[in-house]
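Observations on the model geometry
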Amino acid sequence: MAITPQSDIQVTTRQIPEWQRIPNTSIQSKPLMIYHGAFNATATELEDHLEAVGEVVPQWVFSMYTQTHFHSTTPEVLGVVSGRARLCFGGEENPGRFEPTAQRGDFIIVPAGVGHRLLEDLHWNQEEFQMVGAYPLGKQWDMCYGRPEEEAKLRRIKDVAWFRQDPLYGGDGPAMHV
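Quick caveat, the model's predicted, so the values are computed rather than measured. (Residues numbered from 1 in each chain as written. Predicted model: local features only at pLDDT ≥ 70, side-chain atom pairs only at ≥ 80, totals over all residues. Heavy atoms only, no water.)

**Re the pairing of strand 7 (residues 84–89)**
- With 3 bridges connecting them, strand 7 and strand 8 (residues 101–103) associate as antiparallel partners. The partner of A85 across the bridge, within strand 8, is A102.
- For strand 7 and strand 10 (residues 116–121), the ladder comprises 5 bridges, and the chain directions are antiparallel. Pairing of A85 across the sheet is with D121, part of strand 10. (Pairing = 2+ DSSP bridges. Helix = DSSP H or I, 4+ residues; strand = E, 2+ residues; numbered from the N terminus.)

If you want it as C-alpha coordinates, here you go:
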(Lines give C-alpha, C1' and ligand atoms only; values in the text may rest on other atoms or scores of the structure.)
Protein backbone atom coordinates (compact mmCIF):
# COMPACT_ATOMS: atom_id res chain seq x y z
CA MET A 1 0.00 0.00 0.00
CA ALA A 2 1.26 3.46 -0.88
CA ILE A 3 0.36 6.46 1.30
CA THR A 4 0.98 9.83 -0.32
CA PRO A 5 3.13 12.10 1.89
CA GLN A 6 1.01 14.76 3.59
CA SER A 7 3.06 17.49 1.93
CA ASP A 8 1.98 16.16 -1.49
CA ILE A 9 -1.79 15.99 -0.98
CA GLN A 10 -4.43 18.66 -1.35
CA VAL A 11 -6.97 18.71 1.46
CA THR A 12 -10.39 20.24 0.85
CA THR A 13 -12.38 21.27 3.92
CA ARG A 14 -15.98 22.47 3.97
CA GLN A 15 -18.28 23.85 6.62
CA ILE A 16 -21.83 23.05 5.55
CA PRO A 17 -24.79 24.94 7.03
CA GLU A 18 -27.70 23.24 8.73
CA TRP A 19 -30.54 22.45 6.37
CA GLN A 20 -34.01 21.52 7.54
CA ARG A 21 -33.37 18.70 10.04
CA ILE A 22 -29.85 17.86 8.82
CA PRO A 23 -27.41 19.58 11.21
CA ASN A 24 -24.33 19.22 8.99
CA THR A 25 -21.32 20.97 10.56
CA SER A 26 -23.41 23.45 12.59
CA ILE A 27 -23.20 21.58 15.92
CA GLN A 28 -19.53 20.64 16.24
CA SER A 29 -17.97 23.00 13.66
CA LYS A 30 -15.69 20.19 12.46
CA PRO A 31 -15.43 20.39 8.65
CA LEU A 32 -16.03 17.75 6.05
CA MET A 33 -12.53 16.83 4.84
CA ILE A 34 -11.31 15.26 1.59
CA TYR A 35 -7.67 14.21 1.26
CA HIS A 36 -7.28 14.05 -2.52
CA GLY A 37 -5.10 11.21 -3.87
CA ALA A 38 -3.96 10.23 -0.38
CA PHE A 39 -3.37 6.53 -1.00
CA ASN A 40 -3.10 3.79 -3.59
CA ALA A 41 -4.46 0.52 -2.23
CA THR A 42 -6.96 -2.27 -2.56
CA ALA A 43 -9.79 -2.45 -0.05
CA THR A 44 -7.96 -5.10 1.96
CA GLU A 45 -4.72 -3.09 2.00
CA LEU A 46 -6.54 0.04 3.17
CA GLU A 47 -8.40 -1.91 5.85
CA ASP A 48 -5.10 -3.35 7.10
CA HIS A 49 -3.51 0.11 7.14
CA LEU A 50 -6.40 1.68 9.05
CA GLU A 51 -6.31 -1.13 11.59
CA ALA A 52 -2.55 -0.63 12.01
CA VAL A 53 -3.00 3.11 12.65
CA GLY A 54 -5.62 2.10 15.21
CA GLU A 55 -7.88 5.16 15.22
CA VAL A 56 -10.77 3.63 13.25
CA VAL A 57 -12.11 0.15 12.59
CA PRO A 58 -13.07 -0.73 8.99
CA GLN A 59 -16.61 -2.11 8.91
CA TRP A 60 -17.70 -2.38 5.28
CA VAL A 61 -16.79 -2.11 1.59
CA PHE A 62 -19.63 -0.65 -0.46
CA SER A 63 -20.68 2.36 -2.50
CA MET A 64 -22.73 5.08 -0.79
CA TYR A 65 -26.47 5.09 -0.21
CA THR A 66 -28.46 7.14 -2.70
CA GLN A 67 -30.68 8.57 0.05
CA THR A 68 -29.38 11.47 2.14
CA HIS A 69 -28.52 10.22 5.61
CA PHE A 70 -26.20 11.11 8.48
CA HIS A 71 -24.82 9.58 11.65
CA SER A 72 -25.48 11.13 15.06
CA THR A 73 -23.18 8.86 17.08
CA THR A 74 -19.85 9.01 15.28
CA PRO A 75 -17.81 10.59 12.50
CA GLU A 76 -17.33 8.37 9.45
CA VAL A 77 -14.17 7.72 7.43
CA LEU A 78 -14.49 6.76 3.77
CA GLY A 79 -11.57 5.58 1.65
CA VAL A 80 -12.36 5.36 -2.07
CA VAL A 81 -10.78 2.14 -3.36
CA SER A 82 -12.26 2.03 -6.86
CA GLY A 83 -14.15 4.10 -9.38
CA ARG A 84 -15.29 7.68 -9.37
CA ALA A 85 -18.58 9.28 -8.29
CA ARG A 86 -20.39 12.53 -7.69
CA LEU A 87 -21.39 12.85 -4.05
CA CYS A 88 -23.61 15.29 -2.20
CA PHE A 89 -22.87 16.52 1.31
CA GLY A 90 -25.36 18.65 3.21
CA GLY A 91 -28.68 17.70 1.59
CA GLU A 92 -29.54 17.96 -2.08
CA GLU A 93 -31.84 20.99 -1.64
CA ASN A 94 -29.43 22.84 0.67
CA PRO A 95 -28.07 25.99 -1.04
CA GLY A 96 -24.86 25.46 0.97
CA ARG A 97 -24.38 21.83 -0.06
CA PHE A 98 -21.08 20.50 -1.42
CA GLU A 99 -21.07 18.22 -4.49
CA PRO A 100 -17.53 16.96 -5.10
CA THR A 101 -16.38 14.23 -7.45
CA ALA A 102 -14.52 11.61 -5.44
CA GLN A 103 -12.23 9.05 -7.01
CA ARG A 104 -9.91 6.18 -6.19
CA GLY A 105 -7.35 7.28 -3.61
CA ASP A 106 -9.49 9.97 -1.98
CA PHE A 107 -9.94 9.79 1.79
CA ILE A 108 -13.05 11.47 3.19
CA ILE A 109 -13.83 12.37 6.80
CA VAL A 110 -17.53 12.99 7.41
CA PRO A 111 -18.24 14.58 10.82
CA ALA A 112 -21.23 13.41 12.85
CA GLY A 113 -24.38 15.13 11.59
CA VAL A 114 -23.25 15.78 8.01
CA GLY A 115 -25.78 14.56 5.46
CA HIS A 116 -24.35 12.59 2.57
CA ARG A 117 -25.46 10.58 -0.44
CA LEU A 118 -24.33 9.22 -3.80
CA LEU A 119 -25.54 11.32 -6.72
CA GLU A 120 -23.95 9.38 -9.58
CA ASP A 121 -21.51 6.50 -10.01
CA LEU A 122 -19.36 7.59 -12.95
CA HIS A 123 -17.94 4.06 -13.58
CA TRP A 124 -14.47 5.49 -14.07
CA ASN A 125 -12.13 3.10 -15.93
CA GLN A 126 -15.04 0.62 -15.97
CA GLU A 127 -14.80 0.35 -12.15
CA GLU A 128 -17.78 0.62 -9.85
CA PHE A 129 -17.48 3.20 -7.09
CA GLN A 130 -16.45 1.43 -3.87
CA MET A 131 -15.24 2.70 -0.51
CA VAL A 132 -13.98 1.29 2.75
CA GLY A 133 -16.15 2.65 5.56
CA ALA A 134 -14.63 2.93 9.04
CA TYR A 135 -15.57 4.37 12.43
CA PRO A 136 -13.65 5.22 15.61
CA LEU A 137 -12.86 2.31 17.88
CA GLY A 138 -15.82 1.51 20.14
CA LYS A 139 -18.33 3.63 18.20
CA GLN A 140 -21.52 2.25 16.68
CA TRP A 141 -23.00 4.15 13.73
CA ASP A 142 -26.67 4.87 13.37
CA MET A 143 -28.77 6.02 10.42
CA CYS A 144 -30.62 9.33 10.56
CA TYR A 145 -32.63 10.91 7.76
CA GLY A 146 -33.66 14.31 9.14
CA ARG A 147 -37.03 13.12 10.46
CA PRO A 148 -38.85 14.92 13.32
CA GLU A 149 -38.59 11.88 15.60
CA GLU A 150 -34.75 12.08 15.45
CA GLU A 151 -34.61 15.36 17.41
CA ALA A 152 -33.13 13.77 20.57
CA LYS A 153 -30.33 12.22 18.51
CA LEU A 154 -29.39 15.64 17.11
CA ARG A 155 -28.84 17.08 20.60
CA ARG A 156 -26.28 14.35 21.34
CA ILE A 157 -24.05 15.23 18.36
CA LYS A 158 -22.34 17.98 20.37
CA ASP A 159 -20.88 15.27 22.62
CA VAL A 160 -19.45 13.07 19.83
CA ALA A 161 -15.67 12.91 20.22
CA TRP A 162 -13.29 13.84 17.39
CA PHE A 163 -10.26 11.74 16.55
CA ARG A 164 -7.27 11.37 18.90
CA GLN A 165 -4.98 11.03 15.86
CA ASP A 166 -5.42 11.25 12.12
CA PRO A 167 -7.19 8.08 10.87
CA LEU A 168 -4.96 7.74 7.77
CA TYR A 169 -1.65 9.29 8.80
CA GLY A 170 -1.72 8.67 12.53
CA GLY A 171 -0.20 11.20 14.92
CA ASP A 172 -0.33 14.70 13.52
CA GLY A 173 -2.24 14.44 10.24
CA PRO A 174 -4.69 16.92 8.68
CA ALA A 175 -7.66 15.87 10.86
CA MET A 176 -5.76 17.14 13.91
CA HIS A 177 -5.60 20.71 12.58
CA VAL A 178 -9.31 21.56 12.28
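Once you've had a look at it, read on.
**Regarding the sheet that holds strand 8**
- Strand order across the open sheet formed by 3 strands is 8-7-10, with antiparallel pairing between neighbours. Single-partner strands in this sheet number two, and they are strand 8 and strand 10. Going across the sheet, the axis of each strand differs from the next one's by a mean of 40°, ignoring polarity. (Axes fitted to C-alpha atoms, helices over the stretch in contact; angles between N-to-C directions.)

**Side note on the UniProt feature "domain: Cupin type-2" (unreviewed entry) in the chain**
- The residues that UniProt annotates with the feature "domain: Cupin type-2" (unreviewed entry) are residues 67–118.
- In the segment residues 67–118, helix accounts for 0% and strand for 44%; the C-alpha atoms at its two ends are 7 Å apart. (UniProt positions renumbered as here; feature names shortened; annotations may be inferred.)

**A closer look at the nonpolar core**
- Counting 21 residues, the largest nonpolar core has Y35, A38, L46, L50, F107, I109 and L168 as the members making the most contacts within it.
- When neighbours within four sequence positions are excluded, Y35 is seen to be in contact with I9, Q10, V11, G105, D106, F107, I109, D166, L168, Y169, P174 and A175.
- Counting 19 residues, the second-largest nonpolar core is a separate cluster that includes I16, L32, F129 and M131. (Core = buried A, V, L, I, M, F, W, Y, C linked by side-chain atoms within 4.5 Å. Buried < 20%, exposed > 50% of the residue type's maximum accessible area, 1.4 Å probe, protein only. Contact = heavy atoms within 4.5 Å.)

**Things to note about the packing of aromatic side chains**
- The tally for this structure, following the rule as stated, stands at 5 aromatic pairs.
- Relative to Y65, the ring of F62 has its centre 5.7 Å away and its plane inclined at 55°; by these criteria the two rings are tilted.
- Given a relative accessible area of 41%, F62 falls into the partly exposed group.
- Residue classification places Y65 among the partly exposed positions, given a relative accessible area of 43%. (Phe/Tyr/Trp six-rings, centres within 6.5 Å; stacked < 30°, edge-to-face > 60°.)

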